[in-house]
Amino acid sequence: MMRRSVLFSPLLLLSGCATEQSIWNAQGPAASRIATLMWAIIIMFLIVTLIMWALLIIPTFRRGSLEEHAPVDIGGGQGWVALGGLLIPLTVLTGFFVAGLTLMERFPIHDPSNTAVLRPDILVIGHQWWWEVHYLDGQPDQRFATANEIHIPAGRPVTLEVESQDVNHAFWVPNLHGKIDMIPGHPNFMRIEANHPGKYVGQCAEYCGEQHAHMRLLVVAQSAGAYRAWTQQMLEPGHASTTPEAIAGEQVFLSGACSICHMVRGTVAGGTVAPDLTHIGSRMYIGTDSFPNNKAYLEAWVTHAQSLEPGVLMPDLTDFNGVQLRDLVAYLQQLK
Ligand SMILES: [Cu+2]
């Protein structure tokens, strides 16, 4: 029993990963198709490898005359070379090349029956090292921006337009779809769909500098009702401060450096070079989905962003006393 569990531990590790960011656990139609092709390639690879090993090992157990073991160029055998070196690789690789191209064609970026001009639902702009997210759906007064946490309705395709503000990035949520490049000045499109409500973790998949590894992403798929409620919440301006701490914290935020870089809609903070903080209190993580969004991490982030994520484009801000820091974090937390 013991030995068997040790034997299967690599498999257990794989299934352990499958609950989060994983290509083995397809949660949308596009990811399922990619996974099918992946399994076909893995199985074909195993078959070819097994045959190769058999061809190598079986002759070593054969006894026979010297004549029988003569080099191939004497006894003929070019047929084997042509078969194993040319015909089989050509057939297998051409087959997968065609299968790959056919699969790519099956990812329409918008409904093929809809001939209207392509209009994406969400625009995602990559920054060093965070994601700017604009909801373009609906009427102009229904549009809003947020960052790092993308909500989508479950069971419905959503068209994304992706590009970059600085260097190349790549958008990748393995449970939902393949990778797509985010290139400055060159928009790309992708249609993602999640079969069920849930949280799907993504990651920038193109090396983009020092904090590339922390450039995580969270996609939250919700039921239609929950999604509608979320968009209504996002359309609201920043929550008015009511507690004494939050009121004091708002003053710290607006009078300090924060408002130069960050936006909180409904206040004078109108910075656009950093994540929109209008509803930061409602996000699950901070630091581009790298740390839990709680009091301790918010305090650490504001004063020591450079220790948590060295090189990140937010300086350490240490000009406040303890009370001001507490108030500032209270203000951020109530921005739901
Ligand atoms: Cu990156």
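This structure is a prediction, so every number in the text was calculated from the model and none was measured.

Chemist: Honestly, the overall build of the protein in this entry has me stumped. Any pointers?
Modeler: What the protein contains, in helices and strands, is ten helices and twelve strands. Taken across its 336 residues, the protein has 26% of its residues classed as buried. For the protein, long-range pairs separated by at least 24 residues make up 63% of all intrachain contacts whose partners lie at least 6 apart in sequence.

Chemist: How do you make sense of the sheet that holds strand β4 (residues 149-153) when you look at a structure like this?
Modeler: The strands making up a sheet associate through backbone hydrogen bonding, with each pair oriented either parallel or antiparallel. As summarised here, the arrangement of the three strands in space is β4-β10-β9, forming an open sheet in which the pairing is mixed. The open sheet is flanked by β4 and β9 (198-203), the only strands paired with a single partner. Ignoring strand direction, the axes of neighbouring strands in this sheet form an average angle of 25°. Note: β9 against strand β10 (residues 216-222), six bridges, orientation antiparallel. For glycine 202, the partnering residue across the bridge sits in β10 and is leucine 217.

Chemist: Hey, could you run me through the nonpolar core in this one?
Modeler: It is characteristic of soluble globular proteins that their nonpolar side chains tend to be buried jointly. Residues Val124, Ile152, Val162, Leu176, Ile192 and Val219 are the most contacted members of the largest nonpolar core, which totals 31 residues. In this structure, this core is formed jointly by two domains, domain 1 (25-105) and domain 2 (122-235), each of which donates at least three residues. Contacts of valine 219, omitting those with residues within four sequence positions, involve Ile150, Ile152, Val173, Leu176, Tyr200 and Gly202. Within the second largest apolar cluster, 19 residues are counted, among which are Cys258, Ile286, Leu328 and Leu332.

Chemist: What should I look at first to understand the sheet that holds strand β1 (residues 122-127) in this one?
Modeler: If you walk across this open sheet you meet the five strands as β3-β2-β1-β5-β8, and the pairing is mixed. Strands at the two margins of the open sheet, each flanked by one partner only, are β3 (144-147) and β8 (188-192). Each neighbouring strand pair of the sheet contributes to a mean axis angle of 25°, computed without reference to strand direction. Note: strand β5 (residues 158-164) against β8, five bridges, orientation antiparallel. Bridge assignment links valine 162 to a residue of β8, and that residue is asparagine 188.

Chemist: Is there a simple way to explain helix α9 (residues 295-308) in this structure?
Modeler: Working note: α-helix, 3.6 residues per turn, so residues spaced by three or four point in the same direction. Counted at 1.5 Å a residue, the expected span for α9 with its 14 residues is 20 Å, but the 15 Å between its end C-alpha atoms falls short. The largest bend in α9 is about 75°, located at valine 302. Along α9, the residues that are buried comprise Leu298, Trp301 and Val302. In this structure, the buried residues of α9 make contact with β11 (285-286), β12 (291-292) and α10 (322-333).

Chemist: I tried to follow the pairing of β1 on my own but got confused; where do I start?
Modeler: On any regular strand, side chains alternate: one points to one face of the sheet, the next to the other face. Note: β1 against strand β2 (residues 130-135), six bridges, orientation antiparallel. Bridge assignment links isoleucine 125 to a residue of β2, and that residue is glutamate 132. Counted along the chain from β1 to the antiparallel partner β2, the turn is two residues long. Pairing of β1 with β5 involves five bridges; the strand directions are parallel. Each residue of the ladder has a partner; that of isoleucine 122, found in β5, is leucine 160.

Chemist: Explain the confidence of the model for the protein here, please?
Modeler: Note that predicted coordinates carrying low pLDDT should not be read in detail. Of all residues in the protein, 88% attain a pLDDT of 70 or more, and the chain-wide mean is 87. For the protein, helix α2 (residues 9-17) is the element with the lowest average pLDDT, namely 42, and strand β6 (residues 169-172) is the one with the highest, namely 97. In this model, residues 1-19 is a region of pLDDT below 50 whose contacts with residues beyond four sequence positions or in other chains number four contacts.

Chemist: It is not clear to me how the packing of helix α7 (residues 244-255) against α10 should be interpreted in this structure. Could you clarify?
Modeler: Between α7 and α10, the shortest axis-to-axis distance is 7 Å and the interhelical angle comes to 100°. Compared by their axis directions, α7 and α10 come out roughly perpendicular. Residues Glu245, Ala246, Ala248, Gly249, Glu250, Val252 and Phe253 of α7 form the contact with α10, whose own contacting residues are Gln324, Arg326, Asp327, Leu328, Val329, Ala330 and Tyr331. A per-class count over the contact of α7 with α10 returns eight nonpolar, two polar and four charged.

Chemist: Would you take a moment to explain α10 for this structure?
Modeler: Between the first and last C-alpha of α10 there are 17 Å, a value that for twelve residues agrees with the 16 Å anticipated at 1.5 Å per step. Among all positions in α10, only Asp327, Leu328, Val329, Ala330, Tyr331 and Leu332 are buried. Each element contacted by the buried residues of α10 is listed here: α7 and α9.

Chemist: Sorry, what's going on with the environment of threonine 303 here?
Modeler: Note on placement: threonine 303 falls in helix α9. According to the C-beta neighbour criterion, threonine 303 is partly exposed, with 17 such atoms within 10 Å. Each C-alpha atom of the pair threonine 303 and phenylalanine 320 lies 9.0 Å from the other, and the pair is 17 residues apart in sequence. If we ignore the near neighbours within four places in the chain, the residues touching threonine 303 are Asp316, Leu317, Thr318 and Leu325.

What counts, and where the lines are drawn
Residues numbered from 1 in each chain as written. Predicted model: local features only at pLDDT ≥ 70, side-chain atom pairs only at ≥ 80, totals over all residues. Helix = DSSP H or I, 4+ residues; strand = E, 2+ residues; numbered from the N terminus. Buried ≥ 20, exposed ≤ 12 C-beta atoms within 10 Å, placed from the backbone. Contact = placed C-beta atoms within 7 Å. Pairing = 2+ DSSP bridges. Axes fitted to C-alpha atoms, helices over the stretch in contact; angles between N-to-C directions. Core = buried A, V, L, I, M, F, W, Y, C linked by C-beta atoms within 7 Å. Domains from an automatic or database assignment. Expected span 1.5 Å × (residues − 1). Bend = angle between axes of the 7 residues up to and from the residue. pLDDT = per-residue confidence, 0-100. Parallel < 35°, antiparallel > 145°, perpendicular 65-115°, else oblique. Nonpolar A, V, L, I, M, F, W, Y, C, P; charged D, E, K, R; others polar.

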